[in-house]
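Below are the chains, spelled out letter by letter.
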Amino acid sequence: MRKVIRPLLLTALAACCATAIAAPAEKAPQGRLPGWAVPQSYQIAFKVDPAQQDFSGTATIKVKLNRASDHLWLDGKELKVAKVTVTDAAGKTRTAKYVDVDPKAGVVRVDFGSTMKPQQLTLTFDYTAPLNAQLQGLYKVSAKGRPYAMTQMEPISARYAFPSFDEPGFKTPFDIRLTIPEGETAVANTLQIKEAPAGKGWKTLTFAPTLPLPTYLVAFGVGPWSIASAPDIAPDAYRAKPLPLRGIAAAGEAHRMQHVLSETPSIIHALENYYGFGYPFDKLDVLAAPDFAAGAMENAGLVTFRDWLLLLDKDSPARNVRGSFNVTAHELAHQWTGDTVTLEWWNDIWLNEAFATWMQQKVTMEVHPEYRADLDRVRGAQGAMQSDSLVSARRIRQPITGNGDIMTAFDGITYQKGAGVISMFETYVGPKTFQNGMRAYIRKHKFGNAVASDLVDAIARAADKGVAFKHAFNSFLDQSGVPYVQMKLEQKDGKTILQLSQSRYLPLGSKGDPKRVWGVPVCVRYGTADGSKVDCEMLDKATGSMVLAGASEPTWIMPNANASGYYRFSLDKQELAGLSREVGKLSDTEQLAFADAISAGFAHGDLDAGDVLAALKPLTASKVRAVATAPLAQVEWIYHHEATTDAQRASLAAWAREAYLPQLQGLGYRRKPGESEDAPLLRSSLVRALAFDFKLPEVRAALLEQGEAALKRKPDGRLDLGAADPDLLGDALGVAVQEQGKPAVDALIAELPLTSDAALRNGILGGLSSVEDPTLAGQVRDFALDKRVKVGEMGSLLMGGRDTAAGRNAMWRWFTAHYKQVLGRTGSFAGGYLPRLAAGGGCSTPEVERLHAFFHSRMSDAAGIDRGLAQTSESIQLCGALKAAQDPAAILR
């Protein structure tokens, strides 16, 4: 039956919530909202039943209107606003109009109906919205068939959950109230202070007001959560009160959080001691999310994680246990850099992420020195250098021109390059001086916002440094690229002189301009009569020199002492040979810097495969995992891209066998009581390389035995996944998939939805991603789009099979045929990732051409596609150029 609506009601609805765009007096903001309307506080109330598809909300925002206006701008996306009212400073209320001006960006205008003078206003919005299906805003997930609703607001997804000024520069207190079904549990940023009935089957929970926060740190979750309590974290010199600590997980899982809860107090105390500033929030909950887009999120007082990082037991993979500590330390470091002091705008996201990465490494070295976070720092920076060598690389402090720039800012440049640059300047001024600068920065900007100059100025003041220091620091923030420092020894007037020059490091085939200058703190280790010595010099011009006092004759040089500098170096072949002879005397970090120099020289066209294999071989004998395995990635590239004959591939496999198989055989294929912390991780690294890259038969046979045992049915009909070593489950299943084919694939696909244990799910996904048969690979990719696979798990099934042109071609055909489904499942904010998902690992011009042809008309489908396309294309082009320049005969030299 057709329902008739009276004209008066239609008029009222139109006045309140128009969806058509009225002729605006000014254009919609493209980027930051105007500063003449500033939020002062929020009261946000939600009615949420995770079993439903929608939720309702009321948002009340106090706003300071700093100029006369008949409207203001804010953010809202996919919100169905039923009513907006504006109350002026005198208490008079009027109905306003909510105009969805830019639905794609989520920018809206609130029209007052007439001009209002500068004053404090109160805006109230009544609305409904869908529970998001793409892990953004307030979204819906399930665990063991039971639904949950939880939030992920960073960077710009609060607008999916409530009307807001969704920018980091707007920090205000939040009052959060949740009306939920009686049988459910809810958690939020702060302590719950009240519970009251709210009608049949409902209750309302009220939470304490927050300290000033940006919208991206607002967090809550609703569902049948289980809660693990832990002892309060004891007061210390910087915090007077005990800190309540809890673990939150899906029903029946919280008991597995005891490990992370036992580690958390040591992290908090280490951070408080460093910053001289107590943890400021009223409690600390860590939540294991049933599905999550990021690794973790630093919401003030309610830190959320992928579940496998927190749900641990004696059988958890060693990488999960270590990853749990590192990620927890990173997120808790954010409680100071990010939550207490927040970036003003997204171009300074490094103030959050680079500092949390750097600080996590310091905390890990203090609490778990055996984890060797000092080596993680070097490897992280070297990984960032790979991206930073692209002409299309972002700057650390990248200008923001749209939402795509915001979404693609969470990358290795921001995190690992940023942390490497911070560590370099910390070394330059001294750790204690740097700490003093950080303490001053936190104290000055607590509960407010900051920009890059605030931080750089604080360090400069602490170090008594002037304009030259600030220029040097900013030269790494405001321009992309890796400094390439060339060094040449000379003897002059009885002195040993090291001549220095710098340019931008560019790989073979790059179209970039090498003429670029940074302020580089260059530190060099060189040989002396009684050992070695380190000298440092600020190289802030294109050329420079250092006198190496006391150098032996002849001497050797390690151009990046302790690998403390974010730069690559070049030596001529004679001096490189001299350094190679001394490599055993270098520190572990310096040996990593040496390995990177060899790989950089190869990619630059200075060394061939024979040079690389000879130079890297001594490192494989190291007792330190990170050093011993450092050559693997480069040798694997040569195997997959340069070797063209069976003899060449056999020679490389023999190199790997000689270097690594004895180590693996000594470790064995299962955990041993009393083995070192690094043993399981080394075992995993060696197994993956030898079984899947070099395909050594004996390694594959050992894994196949475990994989077949894991695929056997238990009496209850389930697979016996515990039969494989926990650290090798995915590898064992991967070999079984490659050898057994369809029966193994079918069994794993059937088992995944029956498995709630996150580590076991990861093992199943790892096994499926190793499939090589083209037909079965298509079956696995189709499964990635199935709802039985979590949104956050999709990528692990789609990134396999990239080592051969045939595998990449099959992936390309699948991706282009299923593009709409992939886009629909990953969401509008996955744009930067899509080109790499489609063509990552490519190594030829035709692969670049088809990638551009496909995305040319799809650039506006999702934020960030343009940058992702530029970087993926350039990576493929450079790989092809390097491959074309090689002489495969050098492998057998």
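Keep in mind the model is a prediction, meaning the values are calculated, not measured.

Rules of the game
- Residues numbered from 1 in each chain as written.
- Predicted model: local features only at pLDDT ≥ 70, side-chain atom pairs only at ≥ 80, totals over all residues.
- Heavy atoms only, no water.
- Helix = DSSP H or I, 4+ residues; strand = E, 2+ residues; numbered from the N terminus.
- Buried < 20%, exposed > 50% of the residue type's maximum accessible area, 1.4 Å probe, protein only.
- Contact = heavy atoms within 4.5 Å.
- Areas by Shrake-Rupley, 256 points an atom, 1.4 Å probe, with all protein chains shown as cover.
- Lys, Arg positive; Asp, Glu negative; His and termini not counted.
- Charge placed at Lys NZ, Arg CZ, Asp CG, Glu CD.
- Expected span 1.5 Å × (residues − 1).
- 1 Å grid on protein atoms, 1.4 Å probe; cavity = no way out; pocket = protein on both sides within 12 Å on 5 of 7 lines; lining within 4 Å.
- Points joined across faces, edges and corners; volume = space filled by probe spheres on them.
- Nonpolar A, V, L, I, M, F, W, Y, C, P; charged D, E, K, R; others polar.
- Pairing = 2+ DSSP bridges.
- Axes fitted to C-alpha atoms, helices over the stretch in contact; angles between N-to-C directions.
- Arc of directions from axis to C-beta.
- Polar contact = N/O pair within 3.5 Å; in protein donor to acceptor, adjacent residues only side chain to side chain.

*Asks:* Hey, could you go over the overall build of the protein for me, with residue numbers and the actual values?
*Replies:* Scanning the protein from N- to C-terminus turns up 29 helices and 29 strands. In terms of principal-axis extent, the alpha carbons of the protein reach across some 90 × 70 × 60 Å. For the protein, buried positions account for 60% of its 893 residues. Pairs at least 24 apart in sequence give 71% of the contacts found in the protein among residues at least 6 apart. Total accessible area on the protein is roughly 34,100 Å²; 53% of this is exposed by carbon and sulfur atoms. If you average the places of the 99 positive and of the 96 negative side-chain charges in the protein, the two averages end up 5 Å apart.

*Asks:* Describe helix H5 (residues 350–367), listing the residues and the values that go with them.
*Replies:* With 18 residues, H5 ought to run about 26 Å at 1.5 Å a step, and its terminal C-alpha atoms sit 25 Å apart, in line with that. By the criterion of burial, H5 is predominantly enclosed, with 14 of the 18 residues buried.

*Asks:* Any chance you could break down the layout of surface pockets for me, citing the residues and the numbers?
*Replies:* In this approach a probe as big as a water molecule rolls over the atoms, and the regions it shows empty are the leftover space. One number sums up the size of the second largest pocket: a volume of about 860 Å³. What lines the second largest pocket is a set of 35 residues, among which Val 141, Ser 142, Ala 143, Lys 787 and Lys 790 lie closest to the centre. Of all the secondary-structure elements, those providing two or more residues to the lining of the second largest pocket are strand E9 (137–143), strand E10 (146–152) and strand E18 (284–289). When residues of the lining of the second largest pocket are assigned to their parent elements, the largest contribution, four residues, is made by E9. Per-class residue counts for the lining of the second largest pocket are 18 nonpolar, six polar and eleven charged.

*Asks:* Describe in detail the environment of Ala 463, supporting the description with residues and values.
*Replies:* By secondary structure assignment, the location of Ala 463 is in helix H10 (residues 452–463). Taking C-alpha positions, Ala 463 is 7.7 Å from Gly 437, a pair spaced 26 residues apart along the chain. Those residues in contact with Ala 463, other than ones at most four positions away along the chain, are Val 429 and Thr 433.

*Asks:* Go over unusual backbone geometry with me, naming the residues and quoting the values.
*Replies:* Following Glu 154, the chain continues to Pro 155 via a peptide bond in cis, the omega torsion being 0 degrees. With respect to the secondary-structure elements, Pro 155 resides in the loop between E10 and strand E11 (174–181). Omega for the peptide link from Glu 553 to Pro 554 comes to -5 degrees, which places this bond in the cis form. In this structure, Pro 554 sits in the loop between strand E27 (543–547) and strand E28 (557–558). A positive phi angle, near 65 degrees, is found at Leu 135, a position not held by glycine. Within the secondary structure, Leu 135 sits in the loop between strand E8 (119–130) and E9.

*Asks:* Got a sec to walk through the sheet that holds strand E3 (residues 69–75)? Specific residues and values, please.
*Replies:* One open sheet holds the three strands; their spatial order is E3-E7-E6, and the pairing between them is antiparallel. The strands lining the two open edges of the sheet, one partner per strand, are E3 and strand E6 (97–102). Along the sheet, successive strands turn relative to each other by an average axial angle of 30 degrees, direction set aside. Summarising the sheet, E6 and strand E7 (residues 107–116) pair through four bridges and their orientation is antiparallel. Looking across to E7, one finds that Lys 97 is bridged to Asp 111.

*Asks:* Break down helix H28 (residues 845–855) for me, with residues and values.
*Replies:* Of the positions making up H28, those classed as buried are Glu 847, Val 848, Leu 851, Phe 854 and Phe 855. The arc enclosing the buried residues of H28, seen along the axis, measures out at 135 degrees, which places them on a common side. Turned more than 90 degrees from where H28 packs its buried face, Pro 846, Glu 849 and Ala 853 sit exposed. At its buried positions, H28 is contacted by helix H25 (805–817), helix H26 (819–826), helix H27 (834–839) and helix H29 (865–884).

*Asks:* Can you break down empty space enclosed by the protein residue by residue, with the values?
*Replies:* Taken as a whole and assessed by the stated rule, the structure comprises four cavities of 30 Å³ or more. Space inside the largest cavity adds up to approximately 140 Å³. In terms of lining residues, the largest cavity is bounded by 17 residues, among which Gln 382, Met 385, Asn 560, Gly 565 and Tyr 567 are the most central. Broken down by secondary-structure element, the contributors of at least two residues to the lining of the largest cavity are helix H6 (373–388), strand E29 (568–570) and helix H13 (588–604). Here the lining of the largest cavity takes five residues from H6, the largest share from any one element.

*Asks:* I'd like a rundown of the sheet that holds strand E12 (residues 185–188), residues and numbers included.
*Replies:* Judged by pairing direction, the sheet is antiparallel, and its four strands sit side by side in the order E9-E10-E15-E12 without closing on themselves. Bordering the open sheet on either side are E9 and E12, each of which pairs with just one other strand. Taking each pair of neighbouring strands and ignoring which way they run, the sheet shows an average axis angle of 15 degrees. Looking at chain direction, E10 and strand E15 (residues 220–223) are connected through two bridges and run antiparallel. Within E15, the position partnered with Met 150 by the bridge is Gly 221.

*Asks:* Tell me about the side chain of Asp 307, and please be specific about residues and values.
*Replies:* Within the secondary structure, Asp 307 sits in helix H3 (residues 307–310). Residue classification places Asp 307 among the buried residues on the basis of a relative accessible area of 12%.

*Asks:* Describe the environment of Phe 602, listing the residues and the values that go with them.
*Replies:* Topologically, Phe 602 is positioned in helix H13. By relative accessible area, Phe 602 is classed as buried at 0%. Sequence separation of Phe 602 and Val 612 is ten residues, and the distance between their C-alpha atoms is 7.1 Å.

*Asks:* Got a sec to walk through the side chain of Ser 226? Specific residues and values, please.
*Replies:* Structurally, Ser 226 can be placed in strand E16 (residues 226–233). Ser 226 sits in the buried class, given a relative accessible area of 16%. Engagement of the side chain of Ser 226 in a polar contact is seen with the backbone oxygen of Ala 250, the distance being 2.8 Å.

*Asks:* Requested: an account of the environment of Ser 796, with residues and values cited.
*Replies:* Inspection of the secondary structure puts Ser 796 in helix H24 (residues 794–798). Taking the C-alpha atoms as reference, Ser 796 lies 13 Å from Asp 782; in sequence the two are 14 residues apart. Ignoring anything within four residues of it in the chain, the contact list for Ser 796 reads Leu 765 and Ser 769. Here Glu 793 takes part through its backbone oxygen, which lies 2.7 Å from a polar atom of the side chain of Ser 796.

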